[in-house]
Amino acid sequence: MYEQISHSLLNDILTQLKQPPAKDWQHFYTRLGANFYAIYSLFQHLYGHRDDFKPQLAHLVAVLSEQYAQRAPHLKAKDLEREKNHDWFMQQKLVGMALYCEGFAGNLANMKDRLGYFQELGINLVHILPICDCPEQANDGGYAVRDFRKIDPRYGSMEDLEQLITAMQQCEMLLTLDVVVNHTSDEHAWALQAKNGDQHYQDYYYMYPDRTVPDMFEASMPEVFPEHAPGSFTYNPETGKWVMTVFNNYQWDLNYSNPAVLIEMVDIILFWANKGVDILRLDAVAFLWKKIGSTSQNEREAHLILQLLKDCCQVTAPGVIFIAEAIVAPLEIIKYFGEDAVNAKECEIAYNATFMALLWDAVATKNTVLLTNGVKDLPEKLDRATWLNYVRCHDDIGLGFSDQAIIASGFDPVSHRRFLVDYYTGQYPDSNARGFAFGVNRKTGDARISGALASLAGLETALANDDQPAVDNAILTIVLLHNLIMSFGGIPLIYYGDSVGTLNNDGYLQDSSKMHDNRWVHRPTLDWDMMALRNEPGTVQQRLFSQVKQMIAIRKEISAFADLNNRDLIDMINPHLFAFHRHVQTGMNPSVVVIANFDVHPQRAALHLFKQKGLHKAGGTLVDLCSGQTVQVEDDAIILPKLTAYWLAA
Ligand code: GLC
């Protein structure tokens, strides 16, 4: 948009910049022109009351241009290519894996030797969990960053990462890295200077001389880690001040009401964009703005900050996109794509935490009513935006569905959530899950769940009891969950170890820096001898790996699985079934009906329910695209075996 005040300000700013050669900079200027009004308006809204508003804005533009000057020609070429093919990340060809590089391969250098494993499985997007320099002990699995521009020596060097990126680019594999935007370690240079009494850096954080303001904040702020890090402030003895620490007491929250913080973060984001990272996962974005009297989550200004980050990134590195890590209520998550827009104006991708939690509900209850209601309640996402669908990740599983959806499904929210925690911690009589309660809040009764997927799905108990039918059910459950993240719409993100059934590992209990945090039980160190069993017929590893691998290969060929707002739920009368239709715009490719049975007994799905979706018995048979097997049809009903999902061409 052209608007005179911001335009003339931009001209002033540009005349002060060192004039770069015109030809190479054409794209920078057109993008700056296109984004500047939005940048200016947001900056004005957030910081317009400050005396230093104009110099701060000029500094921001200088950062954008300096980083553009650093951007390598091949990355600029990729920007242009992605501008043309603007929905590149919504195609069904993408399948991701999230991993800790240490647990997966030992270090970054070894990761290069494991690219063949990704290719074997069909993974072409790898999210390496945080690798920036962190304190040895107090690091929250890499989310307490000491230096945003340095690789933690435990994982290698920047050169190792650069070599890995080159190797990944050669095999057309995308890389996702984290930018921990909400907080730093208390050992970060900014925090150290703040501890030294430097007011400039104290203003990067929320620091108060006594408990007056902290008490006001805490009155309405929920606790994130109520067991091991209660409260949201920590006393800092060096300064005698109270510092806001929403997560662990060594993670200092950054104060985005200071524009210097925002500009630092833009610079860091562009630094990583210029390293060749394709997708940046912005951590804990719901927490970016704090307000007394509120929960200090999902505040409107948090969204404005994200819009600014997006607009700035679009100027310098438009080929780089963002993932929002906002594990919040269903109706809040979707706002991280940006509201009132067609294209994502905050983050192009968001964790589908709602779907993840609903899947776990269906596994425990063997009933799909809440899953169906929860999915129905999700508003349609923006056109140029997509979900990250996952079964589990490095974090706990939060039971993040809405109370309304639970009530509409015929359950009581409090007792239903308690049942789920009991079920997954193996307390419930019928359960063979082996998980752990995480983040138990004695005041509110809330709890989340830790545990490896395979252990939650009953594999650990089944193996310990040498119970073959139970092993079979666990394998079916793990495959079923993967089947749904592959077909639902969005990028499936597999968690490392899950496609070979890695179990809980309690080794973390020996490590004093981890023992208080049971999320480590599901952050494995892969045993590559065990991994080799994925190619030994008949092993659990092979039974799982071969099915997930096949599913990935077939997903990539089904264009109806591209995420183009092309999913309709199909109402199932049978409460054990969940079904949806993935339709296509052109008649060239078949649309697909996905039907899943969460029960441990076969279930019937009447064929007439799918008639309108164009599902017919061609030549008297129906074939599951995923397994290639013929589907049993009896008396005009599909018979779905227990814990199985079918992909049926319609
Ligand atoms: C994110 C990370 C989580 C971490 C938290 C605080 O939620 O995924 O692992 O503990 O942020 O940084």
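Just above, that's the structure.
Here's what I pulled together on the structure shown here. Please read all numbers here as calculations on a predicted model, not as lab measurements. (Residues numbered from 1 in each chain as written. Predicted model: local features only at pLDDT ≥ 70, side-chain atom pairs only at ≥ 80, totals over all residues. Heavy atoms only, no water.)

## Some words on the sheet that holds strand 22 (residues 622–623)
If you walk across this open sheet you meet the four strands as 21-24-23-22, and the pairing is antiparallel. Single-partner strands in this sheet number two, and they are strand 21 (603–606) and strand 22. Two strands pair when backbone bridges link them, and strand 21 and strand 24 (residues 637–640) are joined in this way by four bridges, in the antiparallel orientation. Its bridge partner lying in strand 24, glutamine 603 is registered against leucine 640. (Pairing = 2+ DSSP bridges. Helix = DSSP H or I, 4+ residues; strand = E, 2+ residues; numbered from the N terminus.)

## Concerning the site of the ligand
Near the ligand there are 13 residues, and of these Asp140, His183, Asp283, His394 and Asp395 occur at the shortest range. Aspartate 140 is positioned with one of its side-chain polar atoms (N or O) 2.6 Å from an oxygen atom of the ligand. (Near = heavy atom within 4 Å. Polar contact = N/O pair within 3.5 Å; in protein donor to acceptor, adjacent residues only side chain to side chain.)

## A word on the sheet that holds strand 12 (residues 321–324)
Taken in spatial order, the eight strands close into a barrel running 1-2-5-11-12-13-14-17, and their pairing is parallel. Strand-to-strand twist across the sheet, computed as the mean angle between neighbouring axes with direction ignored, equals 25°. Pairing of strand 14 (residues 386–390) with strand 17 (residues 491–495) involves three bridges; the strand directions are parallel. In the strand pairing of strand 17, asparagine 389 is matched with proline 492. Across the sheet, helix 12 (residues 259–274) is in contact with strand 5 (174–179), strand 11 (279–282) and strand 12; its angle to strand 5 comes to roughly 160°. (Axes fitted to C-alpha atoms, helices over the stretch in contact; angles between N-to-C directions. Contact = heavy atoms within 4.5 Å.)

## With respect to the side chain of aspartate 361
One can find aspartate 361 in helix 15 (residues 353–365). Although aspartate 361 is buried, it makes no salt bridge; arginine 417 carries the closest opposite charge, 8.5 Å away. Looking at aspartate 361, its side chain comes within polar contact range of the side chain of histidine 416, at 2.6 Å. In contact with aspartate 361, other than residues within four places in its own chain, are Lys366, Leu370, Phe401, His416 and Leu420. (Buried < 20%, exposed > 50% of the residue type's maximum accessible area, 1.4 Å probe, protein only. Lys, Arg positive; Asp, Glu negative; His and termini not counted. Salt bridge = Lys/Arg side-chain N within 4 Å of Asp/Glu carboxyl O.)

## Concerning the packing of aromatic side chains
Here the structure, examined in full by the defined rule, presents 42 aromatic pairs. Taken together, a centroid distance of 6.3 Å and an interplanar angle of 80° make the contact between tyrosine 206 and phenylalanine 217 edge-to-face. Remark: phenylalanine 217 occurs in helix 11 (residues 212–218) and tyrosine 206 occurs in the loop between helix 10 (199–202) and strand 7 (207–208); sequence separation between them is eleven residues. Accessibility assignment for this pair places tyrosine 206 and phenylalanine 217 in one class, buried. (Phe/Tyr/Trp six-rings, centres within 6.5 Å; stacked < 30°, edge-to-face > 60°.)

## Here we look at the packing of helix 1 (residues 4–16) against helix 2 (residues 22–47)
For the pair helix 1 and helix 2, the least separation of the axes is 10 Å and the interaxial angle reads 125°. As summarised for this structure, helix 1 and helix 2 are arranged oblique, according to the angle between their axes. As for how helix 1 packs across helix 2, the hand of that crossing is right-handed. Residues Ile5, Ser6, Leu9, Leu10, Ile13 and Leu14 of helix 1 touch helix 2, and the partners they reach there are Tyr29, Leu32, Phe36, Tyr37 and Tyr40. Here the contact of helix 1 with helix 2 is built from residues that sort into ten nonpolar, one polar and no charged. (Parallel < 35°, antiparallel > 145°, perpendicular 65-115°, else oblique. Left-handed = near helix turned anticlockwise from the far one by under 90°. Nonpolar A, V, L, I, M, F, W, Y, C, P; charged D, E, K, R; others polar.)

## Brief notes about unusual backbone geometry
Even without glycine at this site, lysine 366 takes up a positive phi of about 60°. Mapped onto the elements of the fold, lysine 366 is located in the loop between helix 15 and helix 16 (369–377). Positive phi outside glycine occurs at aspartate 636, with the angle close to 55°. Structurally, aspartate 636 can be placed in the loop between strand 23 (630–634) and strand 24.

## Structural notes on the pattern of salt bridges
A complete count under the given rule lists 37 salt bridges for this structure. Across the salt bridge formed by lysine 290 and aspartate 253, the nearest N and O atoms sit 3.0 Å from each other. With lysine 290 in the loop between strand 11 and helix 13 (300–316) and aspartate 253 in strand 10 (residues 251–253), this residue pair connects regions lying 37 residues apart in the sequence. On the basis of relative accessibility, which here comes to 0%, the residue aspartate 253 falls in the buried class. With its nearest N and O atoms 3.4 Å apart, the salt bridge here joins lysine 335 to glutamate 332. On the basis of relative accessible area, lysine 335 is assigned to the partly exposed category, the value being 24%. Here the salt bridges share partners, and the residues they tie into one network are Asp140, Asp395, Asp517, Arg519 and Arg523.

## Some points on the pairing of strand 11
Residues Ile279 and Arg281 of strand 11 are buried on one face, and the alternating residues Leu280 and Leu282, pointing to the opposite face, are buried as well. Across four bridges, the pairing between strand 5 and strand 11 is parallel. Across the sheet, residue leucine 177 finds its bridge partner in strand 11, namely leucine 280. Where strand 11 and strand 12 come together, four bridges link them in parallel fashion. What sits directly across from leucine 282, in strand 12, is alanine 324. Taken together, strand 11, helix 13 and strand 12 constitute a β-α-β crossover, and its handedness is right-handed. (Right-handed = clockwise from strand over helix to strand, strands pointing away.)

## A look at the environment of leucine 640
By the secondary structure assignment, leucine 640 is in strand 24. The buried category is assigned to leucine 640, whose relative accessible area is 0%. Distance in space between the C-alpha atoms of leucine 640 and glutamine 137 is 50 Å, their sequence separation being 503 residues. Filtering out sequence-adjacent residues up to four positions away, leucine 640 remains in contact with Leu577, Ile595, Asn597, Pro602, Gln603, Ala605 and Tyr646.

## Examining the side chain of asparagine 389
Tracing the backbone shows asparagine 389 in strand 14. Here asparagine 352 takes part through its side chain, which lies 3.0 Å from a polar atom of the side chain of asparagine 389. Polar contacts involving the side chain of asparagine 389 include one to the main-chain carbonyl oxygen of glycine 489, which spans 2.8 Å. If we ignore the near neighbours within four places in the chain, the residues touching asparagine 389 are Asn352, Phe355, Ile485, Phe488, Gly489, Gly490, Ile491, Pro492 and Leu493.

## Considering the pairing of strand 24
The two faces of the sheet receive side chains in turn, since in a regular strand these alternate between them. Because side chains alternate across strand 24, one face comprises the buried residues Ala637 and Ile639, and the other comprises Ile638 and Leu640, equally buried. Bridge count for strand 23 against strand 24 is three bridges, and the pairing is antiparallel. For glutamate 634, the partnering residue across the bridge sits in strand 24 and is alanine 637.

## Here we look at helix 2
Every α-helix carries 3.6 residues per turn, so stepping three or four residues along brings you back to the same face. With 26 residues, helix 2 ought to run about 38 Å at 1.5 Å a step, yet its terminal C-alpha atoms sit only 32 Å apart, falling short of that. Largest kink in helix 2: about 45°, centred on asparagine 35. Taken residue by residue, helix 2 has Trp25, Phe28, Arg31, Leu32, Asn35, Phe36, Ile39, Tyr40, Leu42, Phe43, Leu46 and Tyr47 as its buried positions. As for helix 2, its buried residues are in contact with helix 1, helix 3 (53–70), helix 4 (73–84), helix 12 and helix 13. (Expected span 1.5 Å × (residues − 1). Bend = angle between axes of the 7 residues up to and from the residue.)

## Observations concerning helix 16
Every buried residue of helix 16 is listed here: Leu370, Leu371, Thr372, Asn373, Gly374 and Val375. Where helix 16 is buried, its residues contact helix 15, helix 17 (403–408), helix 18 (413–424), strand 18 (567–570) and strand 19 (577–582).

In short, shape yes, function no, at least from these values alone.
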